[in-house]
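Listed here are the chains, written in short residue letters.
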2 protein chains.
Amino acid sequence: MNWIEIAGHTGALLSSITFVPQVYKVWKTKSVGDLSLYMMLIVFASTLVWLTYGIALNLWPVILANGFICFLSALLLYFKYAFSRKVVAVTKIEKPE
Amino acid sequence: MNWIEIAGHTGALLSSITFVPQVYKVWKTKSVGDLSLYMMLIVFASTLVWLTYGIALNLWPVILANGFICFLSALLLYFKYAFSRKVVAVTKIEKPE
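If you're wondering where the values come from, they're calculated on a predicted model, not measured in any experiment. (Residues numbered from 1 in each chain as written. Chains lettered and ligands numbered in written order. Predicted model: local features only at pLDDT ≥ 70, side-chain atom pairs only at ≥ 80, totals over all residues. Heavy atoms only, no water.)

## Regarding the relation of the copies chain A and chain B
Screw-axis analysis of chain A against chain B gives a translation of 0.0 Å along the axis, an RMSD of 0.0 Å, and a rotation angle of 180 degrees. In the structure described here, the two chain copies are related by an operation that fits a two-fold rotation axis. Of the C-alpha atoms belonging to chain A, the one lying closest to the rotation axis is found on Asp34(A), 2.7 Å away. Mapped onto chain B, 100% of the interface residues of chain A again fall at the interface, so both copies present the same surface. (Least-squares fit on C-alpha atoms with pLDDT ≥ 70 in both. Contact = heavy atoms within 4.5 Å.)

## Some points on the interface of chain A and chain B
Counting from both sides, the interface comprises 34 residues of chain A and, opposite them, 34 residues of chain B. Roughly 2800 Å² is buried in total at the junction of chain A and chain B, and carbon and sulfur atoms are behind 74% of that figure. The interface formed by chain A and chain B includes zero salt bridges. Where chain A meets chain B, there are 15 residue pairs in polar contact (both at pLDDT 80 or more). (Buried area = accessible area lost by both parts, 1.4 Å probe. Salt bridge = Lys/Arg side-chain N within 4 Å of Asp/Glu carboxyl O. Polar contact = N/O pair within 3.5 Å; in protein donor to acceptor, adjacent residues only side chain to side chain.)

## Side note on helix 1 (residues 3-17) of chain A
Residues and elements named next belong to chain A. Between its first and last C-alpha atoms helix 1 spans 21 Å; for 15 residues at 1.5 Å apiece the expected length is 21 Å, and the two agree. Every buried residue belonging to helix 1 is among Ile4, Ala7, Gly8, Gly11, Leu14 and Ser16, and all of these are buried. One side-chain oxygen of the residue at the start of helix 1 lies 3.1 Å from the amide nitrogen of Ile4, identifying that residue as Asn2. (Helix = DSSP H or I, 4+ residues; strand = E, 2+ residues; numbered from the N terminus. Expected span 1.5 Å × (residues − 1). Buried < 20%, exposed > 50% of the residue type's maximum accessible area, 1.4 Å probe, protein only.)

## Here we look at the packing of aromatic side chains
Following the criterion strictly, the structure yields nine aromatic pairs over all chains and no others. For the ring pair Phe19(A) and Phe19(B), a centre distance of 6.4 Å and an interplane angle of 15 degrees mean the geometry is stacked. One end of the pair, Phe19(A), is in the loop between helix 1 and helix 2 (20-29); the other, Phe19(B), is in the loop between helix 1 (3-17) and helix 2 (20-29), on a second chain. Across the pair, exposure class does not vary: Phe19(A) and Phe19(B) are buried alike. (Phe/Tyr/Trp six-rings, centres within 6.5 Å; stacked < 30°, edge-to-face > 60°.)

## Some thoughts on the nonpolar core
Among the nonpolar cores identified, the biggest contains 28 residues, and Phe19(A), Leu35(A), Phe19(B) and Leu35(B) are the most heavily contacted of them. Apart from the residues within four sequence positions on either side, Leu35(B) is in contact with Gln22(A), Lys25(A), Asp34(A), Leu35(A), Gln22(B), Val26(B), Met40(B), Leu76(B) and Lys80(B). Counting residues in hydrophobic clusters, the runner-up holds seven residues, among them Leu14(A), Ile42(B), Val49(B) and Trp50(B). (Core = buried A, V, L, I, M, F, W, Y, C linked by side-chain atoms within 4.5 Å.)

## As for the environment of Tyr38(A)
Relative to the helices and strands, Tyr38(A) is located in helix 3 (residues 37-57). The class for Tyr38(A) is exposed, based on a relative accessible area of 57%.

## Things to note about the UniProt feature "transmembrane region" (unreviewed entry) in chain A
Residues and elements named next belong to chain A. Here, the residues flagged by UniProt with the feature "transmembrane region" (unreviewed entry) are residues 36-53 and 59-79. The span residues 36-53 is 94% helical and 0% strand by assignment, and the distance between its end C-alpha atoms comes to 26 Å. Structurally, residues 59-79 comprises 95% helix and 0% strand, and the distance from its first C-alpha atom to its last is 30 Å. (UniProt positions renumbered as here; feature names shortened; annotations may be inferred.)

## A closer look at a nonpolar patch on the surface
Residues and elements named next belong to chain A. On the surface, Leu13, Ile17, Val20, Phe68 and Phe71 cluster together into a nonpolar patch covering about 440 Å² of accessible area. Secondary-structure elements contributing two or more residues to the nonpolar patch are helix 1 and helix 4 (60-94). Relative to the helices and strands, Phe71 resides in helix 4. (Patch = residues over 30% accessible without salt bridge, like charges linked within 9 Å, V, L, I, M, F, W, Y side chains within 5 Å. Areas by Shrake-Rupley, 256 points an atom, 1.4 Å probe, with all protein chains shown as cover.)

Take a look at the structure:
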């Protein structure tokens with residue numbers, strides 16, 4: 001394996017784990033207000049497109065990396081929905097009028 | 001161009017614009033507390049690796065997409081630094097003791 005291949009594998013690995021710290025942070029803080037919903041929707045949509053591409057051409061690195069990122073972006077979208085609702089509920093209790 | 005090539009280009013385009021809505025949201029709200037610093041550092045590092053890979057193999061789509069994402073992640077890192085400092089400064093003014 002030459003250095004260019006190593007760079008390709010390193011890039012693929014780094015791209016795969018991009019959203020791991022964000023999922024962990026949101027899971028710990030239950031706070032999603034500063035996260036862009038559109039960013040997550042674009043990530044989710046792009047991984048579905050890449051998955052289709054990878055499956056059509058039988059590219060396992062593309063399939064594995066995007067399958068993993070797709071799962072993480074779906075988790076973030078669920079967190080965004082669940083924890084945004086929680087803030088609305090708390091606001092309503094604090095200001096009942 | 002067959003549908004697989006179209007999927008590849010669509011995926012590349014979507015991946016390129018992933019962080020545009022997040023940069024816009026942070027720029028408008030000046031709020032970065034929920035964003036993971038490690039996510040941004042990984043994005044920045046991965047795009048540098050992909051840029052090296054793209055330049056070595058003369059892959060212009062890889063170079064252009066990652067150059068753009070690299071620029072956006074550098075912007076997010078700067079915002080994270082600048083707007084986090086602002087919150088610390090305000091906290092110090094409010095609680096001077």
